[in-house]
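Structural characterization, general
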Amino acid sequence: MDLDLNDEQQMLADTVGSLLEKRYDANARLQLLESSELGWSRELWQQYADLGLLGLTVDEQYGGAGMGAGELAVVMESFGRALILEPFVATVVLGAALVDAAGSPEQKQAILPGVTAGSTVLAFAYAEAASRWSLTDIAATAVPAGSGWTVSGEKIAVLGGDSADRVVVSAKTPDSDVGLFLVEGDATGLRRDAYAMQDGLRGADLLFEDVPAVALGEPADALAALESVLDTAMAMLCSEAVGAMERMLWMTVDYLKTREQFGAPIAVFQTLRHRAANMYVSLEQARSMALAARLALLDDDVPARRRAVRAAKLQIDLSARHIGQEAIQLHGGIGMTMEYPVGHYLKRTTAIAKTFADADLLTQLVGADEGLVTAD
Amino acid sequence: MNTALSKEDRAFAEEMRAFFASEMPAEMRERLGRGGHPSRDDIVTTMRILDDHGLAAPHWPVEWGGKDWTPLQRHLFAEEMVMANVPSPLAFNTAMVGPVIATFGSQEQKERFLPATARCDIWWSQGFSEPNAGSDLASLKTTAVRDGDEYVVNGQKTWTTLGQFGDWIFCLVRTDSAAKKQRGISFLLIDMTSPGLTVRPIHLIDGGYEVNEVFLDNVRVPADQLVGEENQGWSYAKFLLGNERTANASIGLIKSRILRIKRLGGTALDDPLLRARLTRLEVEATALEMSVLRVLAREASLPPGVPDPTSSMLKLKGSELQQDASELLTDILGPAGLAYRETDEVPAGFDALPEGALDAMPTYFNWRKASIYAGSNEVQREIIAKTILKF
């Protein structure tokens, strides 16, 4: 089996890479982060749309390119290297994927072309203050109202929730199904407490008070669709994190070679050299597992697929913690500054480690039952 | 089985699995699966059976019994062998001296040594390390002085693994003491029954005798037992050490140890902390396996026999995971692993020993070696650092 990128994927990586290299240097990013109201660039968003990135995995009949997770992963790794601020995960990896997985053909037709064209930003509201990592232990409710539903409850840490044109929200129905509901961004009864996340991406807590909503597909089928979208989303975060870890390693390597102390570049000191070598080992382990996650998405055996993806995210979170902490330490004081990019990578990978599931939960889930390594 | 493998590769692995299950002695596989050490006979028996089936050394040139397999197939063959609790062929024979002779030896040397090496009619030992040449191998001092048609060898080798069984030893010897360190070294094949050669086993902390000192006192070696050219031995040694880029990851061994932990773990694994350690070990092992597969997939495009950061990474991580696995087994056995015993026989009326009681802790002590041999992990870190820092 070919474990390298195919020609098409390589071309995609080159295209995205060269756009980001031109447009996403550290200063431009800092400018967006600190001085723009939106916190990201509408103009770049439109360029992503023009390059087909926003509809990469959307079916062709809805204006997308109909590609697979392999291509999306290539884009995510590039985004991880550049540390983009646009709501790509919120809109494409989560929002559009949920509409695609759970929505009716009419709903797909109504929403996906706008996403693909760059005119619609989506968000997915699922986390609650008391539910920690659980998708089902939630307090938000949905009750039937006329031909639709109304949703009530409070969601936290909604990535892209500050600017989303439409929000997909998880809520419990009177039948105790965890359904997915679609809410208009300007709906009556929806209030936003918007902020920047720790990693600079924008988000919000959302308060729903009897907000009119439509169900995405059948509420009884929604959870299975949601779980499978999160499998893909976790694998994509793995790829993004690998891109970010790679930059942290190479930034650190460059710094060791240029920073002089005691009359020599600090790269001569074996303590530092060996720590850099350990970072490389962690990166390779992470890269291997991001690949394993991507391959596992092709597996029809759902429990096996899910275990493999979770194992990958566990490795990624552990590697990212190691690489991120060492990158700061090996840089010394400069790594502590907001002006220098390395800390921003640490912040993004730290946020990824606290998205969907953390290392402790993943350890429990991967270790349950027969575990990861089996005789076959 | 791994989703990274194609259908054909999976079928190949299944075929190898079936071969080991049907052709290798069940008694031996069962005993080794329970933590026993392979004896000299186990290894020789295995190599003869492999040779009978033309599988003694698949990575050798085809004319000397090799198979035209892909690097991945060779890996799967080796992995299935380990997972089937079949002892690996003696590395000194098939992975080390064999490829060197096949690549750099004379036609006479190939005919004389290769068939016997594949079949283990010659048990080879490795004479590289010396008391004062460990990680700094090139500082070795054993000398070989040309005298007519012979070399006269003087010096001492050490850490010679299984040298107590050795018939022949391949040695790095200094043939030009004026040349710079690496330049004056030659690769010499020595009959261990030669007068002046003595072997002294070293008692190790696990209680066993795995390595030896080899003393060479005016040992006369026919000059036609020099491999390749005089003073080129260092490059042959580098070829030998870089030959199997992925072998040092020992991924098959790590996986089989993990499976054994799961089999023996019982209620100890209900402890969430032990379970979490096991799970993280499984995740790291799975990552390492994928790293191995990634290296194998691009093996053809890599230069042969040159140390690179990937093989160092695999050795570094592989040795750590072997050590972690052996440590975890001791933690699972707890007090049941404390007694030092030579056999699992107990007097009438006493309970039978749990599996692992004999070997878990000695194996833990023994595997401290993994981060020391084949280039200590500190040397591997330095190789990685040199490559990424270019400094």
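Just so it is clear, the model here is predicted, and its values are computed rather than measured.

**Observations concerning the interface of chain B and chain A**
Contacts between the two partners involve 42 residues from chain B and, on the opposite side, 46 residues from chain A. Around 3,800 Å² of area is buried between chain B and chain A when both sides are counted, 63% of it from carbon and sulfur atoms. Its largest share of buried area at the contact with chain A, chain B owes to Ile388(B), Leu389(B) and Phe391(B), together 18% of the area lost on that side. On the surface where chain B and chain A come into contact, there are three salt bridges. Residue Arg273(A) pairs with Glu382(B) through a salt bridge whose shortest N-O separation is 2.7 Å. Our count for the contact surface shared by chain B and chain A stands at 18 residue pairs in polar contact (both at pLDDT 80 or more). The set of elements that each furnish at least two residues to the side of chain B that touches chain A consists of α1 (7–23), α8 (251–265), α9 (272–297), α10 (309–333) and α12 (377–389) of chain B. Looking at the side of chain B that touches chain A element by element, the count peaks at 15 residues for α9(B). Its residues assigned to classes, the side of chain B that touches chain A shows 20 nonpolar, seven polar and 15 charged.

**Section: the domain arrangement of chain B**
All names here are of chain B. Domain boundaries assigned for chain B yield domain 1 (7–89), domain 2 (124–232) and domain 3 (245–389). Here the C-alpha centre of domain 3 lies 30 Å away from the C-alpha centre of domain 2. Contacts between domain 2 and domain 3 engage five residues on the former and seven residues on the latter. Buried surface at the junction of domain 2 and domain 3, both sides included, amounts to about 500 Å², of which 47% is carbon and sulfur. Between the two partners, domain 2 and domain 3, sit one salt bridge. Across the salt bridge formed by Glu210 and Lys369, the nearest N and O atoms sit 2.8 Å from each other. Here domain 2 is connected to domain 3 by three residue pairs in polar contact (both at pLDDT 80 or more). Taken together, the residues of the side of domain 2 that touches domain 3 break down into one nonpolar, two polar and two charged.

**Things to note about the pairing of strand β4 (residues 166–172) of chain A**
Two faces belong to every sheet, and in a regular strand the side chains alternate between them. Residues and elements named next belong to chain A. Across the seven residues that make up β4, a large majority, five, are buried. As paired elements, strand β1 (residues 122–125) and β4 share four bridges and run parallel to each other. Note that in β4 the partner of Ala123 across the bridge is Val167. Direction of pairing for β4 relative to strand β5 (residues 178–184): antiparallel, over a ladder of seven bridges. The partner of Val168 across the bridge, within β5, is Leu182. Here β4 folds back onto β5, and the loop between the two strands holds five residues, one of which, Ser176, carries a positive phi near 70°.

**Focus: the packing of aromatic side chains**
Applying the stated criterion across every chain, the model contains 23 aromatic pairs over all chains. Between Phe79(A) and Phe88(A), the aromatic rings sit 4.8 Å apart at their centres with planes inclined by 80°, giving edge-to-face as the arrangement. For the residue pair Phe79(A) and Phe88(A), the accessibility class agrees, reading buried in each case. Taking 5.1 Å as the distance between ring centres and 85° as the angle between the ring planes, the aromatic pair formed by Phe104(B) and Phe239(B) counts as edge-to-face. Here the residue Phe104(B) occupies a position in helix α5 (residues 91–104), and Phe239(B) occupies one in helix α7 (residues 233–242), the gap between them amounting to 135 residues. Judged by relative accessible area, which is 27%, Phe104(B) ranks as partly exposed. For Phe239(B), a relative accessible area of 17% puts it in the buried group. The rings of Phe113(B), Trp124(B), Phe128(B), Trp168(B), Phe170(B) and Phe187(B) are connected pair by pair, giving a single aromatic cluster. For Arg146(B), the ring lying beneath its charged end belongs to Tyr151(B), and the centroid distance is 5.3 Å.

**Observations concerning the domain arrangement of chain A**
All names here are of chain A. What the domain assignment lists for chain A is domain 1 (7–121), domain 2 (123–220) and domain 3 (222–367). A straight line from the C-alpha centre of domain 2 to that of domain 3 covers 29 Å. On the domain 3 side, the residues contacting the 15 residues of domain 2 number 14 residues. Overall, the association of domain 2 and domain 3 removes approximately 1,200 Å² of surface from exposure, summing both partners, and the carbon and sulfur fraction of that is 69%.

**Looking at the pattern of salt bridges**
According to the stated counting rule, one finds 47 salt bridges over all chains in the structure shown. When the shortest N-O distance is used, the salt bridge between Arg381(B) and Glu320(B) registers 3.4 Å. Placement of the pair is Arg381(B) in helix α12 and Glu320(B) in helix α10, with a sequence separation of 61 residues. In the salt-bridge network here, residues are joined through shared partners; they are Glu77(A), Arg81(A), Glu246(A), Glu284(A), Arg287(A) and Arg294(B).

**Thoughts on helix α9 (residues 302–331) of chain A**
Taking 1.5 Å as the rise per residue, α9(A) with 30 residues should run 44 Å; its terminal C-alpha atoms sit 43 Å apart, in good agreement. Gly332(A) occupies a position one or two residues after α9(A) and carries a positive phi of about 75°.

**Focus on the nonpolar core**
In a soluble, globular protein the nonpolar side chains are often hidden away together inside. With 164 residues, the main nonpolar core has Tyr48(A), Phe79(A), Phe88(A) and Phe20(B) as its most contacted residues. With 21 residues, helix α7 (residues 219–258) of chain A is the largest single contributor of residues to this core. Contacts of Phe88(A), omitting those with residues within four sequence positions, involve Trp45(A), Leu53(A), Leu54(A), Leu72(A), Val75(A), Met76(A), Phe79(A) and Val93(A). Grouped together as the second largest cluster of nonpolar side chains are 41 residues, Ala102(B), Ile185(B), Phe187(B) and Tyr236(B) included.

**Considerations on the environment of Thr160(B)**
Residues and elements named next belong to chain B. Relative to the elements of secondary structure, Thr160 occurs in the loop between β3 (150–157) and β4 (168–174). Look at Thr160 and you get buried, because its relative accessible area is 0%. With sequence-adjacent residues up to four places away left out, Thr160 is seen in contact with Ser125, Gln126, Ile169, Glu210, Val211, Asn212 and Val214.

Cut-offs and rules
- Residues numbered from 1 in each chain as written.
- Chains lettered and ligands numbered in written order.
- Predicted model: local features only at pLDDT ≥ 70, side-chain atom pairs only at ≥ 80, totals over all residues.
- Heavy atoms only, no water.
- Contact = heavy atoms within 4.5 Å.
- Buried area = accessible area lost by both parts, 1.4 Å probe.
- Salt bridge = Lys/Arg side-chain N within 4 Å of Asp/Glu carboxyl O.
- Polar contact = N/O pair within 3.5 Å; in protein donor to acceptor, adjacent residues only side chain to side chain.
- Helix = DSSP H or I, 4+ residues; strand = E, 2+ residues; numbered from the N terminus.
- Nonpolar A, V, L, I, M, F, W, Y, C, P; charged D, E, K, R; others polar.
- Domains from an automatic or database assignment.
- Buried < 20%, exposed > 50% of the residue type's maximum accessible area, 1.4 Å probe, protein only.
- Pairing = 2+ DSSP bridges.
- Phe/Tyr/Trp six-rings, centres within 6.5 Å; stacked < 30°, edge-to-face > 60°.
- Lys NZ or Arg CZ within 6 Å of the ring centre and 35° of its normal.
- Expected span 1.5 Å × (residues − 1).
- Core = buried A, V, L, I, M, F, W, Y, C linked by side-chain atoms within 4.5 Å.

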